[in-house]
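Structural features, examined
As a plain string of letters, each chain reads:
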Amino acid sequence: MGKAKKRSLHLGINDRFSRLSREEAVKTVVELLKKGDKDVYGLVTLFGLSAEEILEAGASYESVVGIGSLLK
């Protein structure tokens, strides 16, 4: 695969969220935690989410503890 195709695919993958509010980010983080997706780290650090916010949105305690080093 050439450089241009790699860049195009990479841009398409990261362009999933065009406009995202804080509430939507928390909901997305909870959904991604349930799936076990690695994109959680980017959203948590981008919005500076706290453990309390994520737990109130419905995430399990174990999944929040798993990403505890990223949380405020």
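Residues numbered from 1 in each chain as written. Predicted model: local features only at pLDDT ≥ 70, side-chain atom pairs only at ≥ 80, totals over all residues. Heavy atoms only, no water.

Remarks on the overall build of the protein
Worth spelling out the cut-off: Put simply, DSSP H or I for four residues or longer makes a helix, DSSP E for two residues or longer makes a strand, and each gets a number counted from the N terminus. Between buried and exposed lies partly exposed: a residue is buried under 20% and exposed over 50% of the maximum accessible area for its type, with that area taken using a 1.4 Å probe on protein chains only. Here, Shrake-Rupley sampling with a 1.4 Å probe gives the accessible areas, and only protein chains in the shown set may cover a residue.
Helix and strand content of the protein: five helices and zero strands. Looking at the protein residue by residue over its 72 residues, the buried ones come to 25%. With the model as given, the accessible surface of the protein reaches about 5400 Å², and the carbon-plus-sulfur share is 53%.

Thoughts on the confidence of the model for the protein
Threshold: Predictor confidence is given residue by residue as pLDDT, running from a minimum of 0 to a maximum of 100.
Counting all residues, the mean pLDDT for the protein is 80, and 74% of those residues have values of 70 or more. Averaged pLDDT values for the elements of the protein fall to 59 in helix α1 (residues 3-14) and rise to 93 in helix α4 (residues 51-56).

Brief notes about the pattern of salt bridges
Going by this rule: Salt-bridge detection follows one rule: a side-chain nitrogen of Lys or Arg within 4 Å of a carboxyl oxygen of Asp or Glu.
Per the counting criterion, the structure on display carries one salt bridge. Notably, a salt bridge pairs E53 with R22, separated by 3.1 Å at the nearest N-O pair. Remark: R22 occurs in helix α2 (residues 22-35) and E53 occurs in helix α4; sequence separation between them is 31 residues. E53 sits in the partly exposed class, given a relative accessible area of 25%.

A closer look at a nonpolar patch on the surface
The condition that has to hold: Candidates for patches are residues over 30% relative accessible area with no salt bridge; among them, like charges are joined within 9 Å and nonpolar side chains (Val, Leu, Ile, Met, Phe, Trp, Tyr) within 5 Å.
Together, L55, Y61 and V65 make up a nonpolar patch on the protein surface, roughly 310 Å² of accessible area in all. Along the chain, L55 turns up in helix α4. On the basis of relative accessibility, which here comes to 35%, the residue L55 falls in the partly exposed class.

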